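Letter by letter, the chains look like this.
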Amino acid sequence: MDVVRFNHFPAGESWTSDYGSPQNVTQFEYLLKYSPLHNVRFPESDNTTQYPATLLFTADHDDRVVPSHSYKLIAEMQHTLGRDKRQRNPLLLLVQADAGHGAGKPTSKRIEEYTDMYSFICKSLDLDFEE
C-alpha cells in the first residue's frame, strides 16, 4: 500500500484517523517509515536472503482499497527485487475480475480465490498431492 498517498484515492481520506495524515509533516515522516511501497529492499547485511513467495490479491471493482495500491506494490517489488539473482521466489499479483472488497462476494468467487491461494501455497512450498 502507498501509505504516503492513500489520501488521494477514493475512500482514502477517511483512513487518516487510522494511519495519520500524509499532509502533516511529522506524521508523513512516520508513514514513510512503514509504507510497504517505500520500504521494498533486500537486507543490506545479507547477500543470500530473498523475499518469500508473494501473491497479492485485489479486485477490479474494489472501491474501498483501490487496485492501484496492489499494482504499485507488486511493480515495485518486481522492479527492485525481481531483477536480482537472489530473488528466485515468485512475486505475483492476482486481479479478480468483476469482484469488489470481500463482503458480498459470490460463493463462486470465494472458491476461485481459495483455489488460487492454496494452489500458490502448495506450489511455493513444493508440496505434492497424494491420493
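Going by the structure above, here's the rest.
Here the focus is the overall build of the protein chain. Helices and strands together make up the secondary structure of the protein chain, namely four helices and two strands. Listed N to C, the secondary structure of the protein chain is α-α-β-α-β-α in terms of helices and strands. The principal-axis extent of the C-alpha atoms belonging to the protein chain is close to 55 × 45 × 20 Å. Scored against the burial criterion, the 131 residues of the protein chain give a buried share of 32%. Here the analysis covers contacts within the protein chain between residues at least 6 apart in sequence; of these, 64% occur between residues at least 24 apart. Carbon and sulfur atoms make up 53% of the accessible area of the protein chain, which amounts to about 8800 Å² in all. For the protein chain, the separation between the mean place of its 13 positive charges and that of its 19 negative charges on side chains is 6 Å.

Note that an α-helix has 3.6 residues per turn; residues three or four places apart therefore point the same way. Helix length check: helix α3 (residues 68-80) (13 residues) gives 18 Å between terminal C-alpha atoms against 18 Å at 1.5 Å per residue, within 8%. If you check which residues of α3 are buried, you get His69, Ser70, Leu73, Ile74 and Met77. For α3, the angular spread of the buried residues around the axis is 115°, confining them to a single face.

Bringing the environment of Cys122 into the picture now. Topologically, Cys122 is positioned in helix α4 (residues 107-124). Along the sequence, Cys122 and Pro22 sit 100 residues apart, while their C-alpha atoms lie 39 Å from each other. Setting aside chain neighbours within four positions, we find Cys122 in contact with Leu127 and Phe129.

Below, the discussion takes up the packing of aromatic side chains. According to the stated counting rule, one finds one aromatic pair in the structure shown. Note on Tyr114 and Tyr118: the rings are 6.1 Å apart at their centroids and 25° apart in plane angle, and the pair reads as stacked. You can see Tyr114 and its partner Tyr118 sitting in helix α4, four residues apart, about one turn around the helix. Judged by relative accessible area, which is 42%, Tyr114 ranks as partly exposed.

All right, on to the pairing of strand β1 (residues 54-59) then. Judged by how many residues are buried, β1 sits mostly within the fold: five of six residues are covered. Here β1 pairs with strand β2 (residues 91-96) via six bridges, running parallel. Residue Leu55 lies in a different strand from β2, and its bridge partner there is Leu92.

This part is about the nonpolar core. Membership of the largest hydrophobic core is limited to eight residues, which are Val40, Phe42, Leu56, Leu73, Ile74, Met77, Leu81 and Leu91. When residues in this core are grouped by element, the largest group, three residues, is from α3. Look past the residues within four positions of Leu56 in its chain and what remains in contact with it is Ser70, Leu73, Ile74, Leu92, Leu93 and Leu94. Listed in part, the six residues of the second largest apolar core include Val3, Val4, Trp15 and Leu31.

Here the focus is the pattern of salt bridges. Tallying each qualifying case throughout the model produces two salt bridges. In this structure, the salt-bridge partner of Asp2 is Lys72, at a minimum N-O distance of 2.5 Å. Residue Asp2 is located in the segment before α1 (16-19), and its partner Lys72 is located in helix α3; the two are separated by 70 residues in the primary sequence. Since its relative accessible area comes to 1%, Asp2 is described here as buried. Under the relative-accessibility criterion, Lys72 is labelled partly exposed at 28%. Across the pair Asp84 and Arg86 runs a salt bridge whose closest N-O atoms are separated by 3.0 Å. We classify Asp84 as partly exposed; its relative accessible area is 22%.

Rules of the game
Residues numbered from 1 in each chain as written. Predicted model: local features only at pLDDT ≥ 70, side-chain atom pairs only at ≥ 80, totals over all residues. Heavy atoms only, no water. Helix = DSSP H or I, 4+ residues; strand = E, 2+ residues; numbered from the N terminus. Buried < 20%, exposed > 50% of the residue type's maximum accessible area, 1.4 Å probe, protein only. Contact = heavy atoms within 4.5 Å. Areas by Shrake-Rupley, 256 points an atom, 1.4 Å probe, with all protein chains shown as cover. Lys, Arg positive; Asp, Glu negative; His and termini not counted. Charge placed at Lys NZ, Arg CZ, Asp CG, Glu CD. Expected span 1.5 Å × (residues − 1). Arc of directions from axis to C-beta. Phe/Tyr/Trp six-rings, centres within 6.5 Å; stacked < 30°, edge-to-face > 60°. Pairing = 2+ DSSP bridges. Core = buried A, V, L, I, M, F, W, Y, C linked by side-chain atoms within 4.5 Å. Salt bridge = Lys/Arg side-chain N within 4 Å of Asp/Glu carboxyl O.

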